[in-house]
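Structural overview
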Amino acid sequence: MKKIDTDLMDQLTYKARLSPRKRMNHNFHTGPEDTLQRLLNAMEPGTYVRPHKHEDPDKREVFFALRGKLCLVQFDGEGNITGHVVLSPGGQAVAAEIAERTFHTVISLEPGSIAYEAKDGPYNPIDDKNFAPWAPAENSPEAALYLQGLIGKLGLK
């Protein structure tokens, strides 16, 4: 049995806070070949997940909010926001699924936020993500400004 308890989430949040990326994964799948990838993703405010899509091979992705508050954002091919949802345990929305071939990102809105993610596998780092050409690369000088711009456009705080 693989369980998710407060000790595991506390440890993962601690690691995310220490990480330069301000996020940390804890995998439940046994390896990259698994046809269903499952993981916890602890994310702190300010972490930047570059918008991307899962295409060729096509993969769906589901996010469940276990702790904190996260915003899942969907884009068209030119970078225009086509939808978003704020996820939080006990909130109006607790989970959302992103269809294959759909640009998306996730934004942490509260310290200690954790999502349970499930995605079609297998995982191959070479073709897992197709990054949006209109979004800055992670760790680039423009990334933080882009993230703040998204938060502003969506009216999130």
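All values reported here derive from a predicted model rather than from experimental measurement.

Focus on a nonpolar patch on the surface
Judged by side-chain polarity, Ile 4, Phe 64 and Leu 66 come together as a nonpolar surface patch covering roughly 220 Å² of accessible area. Mapped onto the secondary structure, Ile 4 falls in the segment before helix 1 (6-18). Owing to a relative accessible area of 35%, Ile 4 belongs among the partly exposed residues under this scheme.

A look at the pattern of salt bridges
Counted under the stated rule, the structure contains 12 salt bridges. The partner of Lys 3 in a salt bridge is Asp 5, and the shortest N-O contact between them spans 3.6 Å. On the accessibility criterion, Lys 3 (56% relative accessible area) is exposed. For Glu 138, the salt bridge goes to Arg 23, with nearest N and O atoms at 3.2 Å. Residue Glu 138 is found in the loop between strand 10 (130-131) and helix 2 (143-154), and its partner Arg 23 is found in strand 1 (residues 23-27); the two are separated by 115 residues along the sequence.

Topic: the sheet that holds strand 9 (residues 113-120)
Strand pairing in a sheet is mediated by backbone hydrogen bonds. Such pairs are either parallel or antiparallel. With respect to topology, five strands assemble into an open sheet ordered 1-2-9-4-7, the strand pairing being antiparallel. The sheet is open, and its two edges are formed by strand 1 and strand 7 (95-98), each paired on a single side. On average, adjacent strands in this sheet sit at an angle of 25° to one another, irrespective of strand direction. Running over the sheet, helix 1 touches strand 1, strand 2 (36-43), strand 4 (61-67) and strand 9 and is turned about 140° from strand 1.

Description of the nonpolar core
Core analysis: the biggest nonpolar cluster contains 16 residues, and Tyr 48, Cys 71, Val 73, Phe 75, Ile 107, Tyr 146 and Leu 156 have the highest contact counts within it. Looking at this core, the elements with two or more residues in it are strand 5 (70-75), strand 8 (103-108) and helix 2. A per-element tally of this core places helix 2 first, with six residues. Non-local contacts of Ile 107, meaning those with residues more than four positions away in its chain, are made with Lys 69, Leu 70, Cys 71, Val 73, Leu 147, Leu 150 and Ile 151.

Calculation criteria
Residues numbered from 1 in each chain as written. Predicted model: local features only at pLDDT ≥ 70, side-chain atom pairs only at ≥ 80, totals over all residues. Heavy atoms only, no water. Patch = residues over 30% accessible without salt bridge, like charges linked within 9 Å, V, L, I, M, F, W, Y side chains within 5 Å. Areas by Shrake-Rupley, 256 points an atom, 1.4 Å probe, with all protein chains shown as cover. Salt bridge = Lys/Arg side-chain N within 4 Å of Asp/Glu carboxyl O. Helix = DSSP H or I, 4+ residues; strand = E, 2+ residues; numbered from the N terminus. Buried < 20%, exposed > 50% of the residue type's maximum accessible area, 1.4 Å probe, protein only. Pairing = 2+ DSSP bridges. Axes fitted to C-alpha atoms, helices over the stretch in contact; angles between N-to-C directions. Contact = heavy atoms within 4.5 Å. Core = buried A, V, L, I, M, F, W, Y, C linked by side-chain atoms within 4.5 Å.

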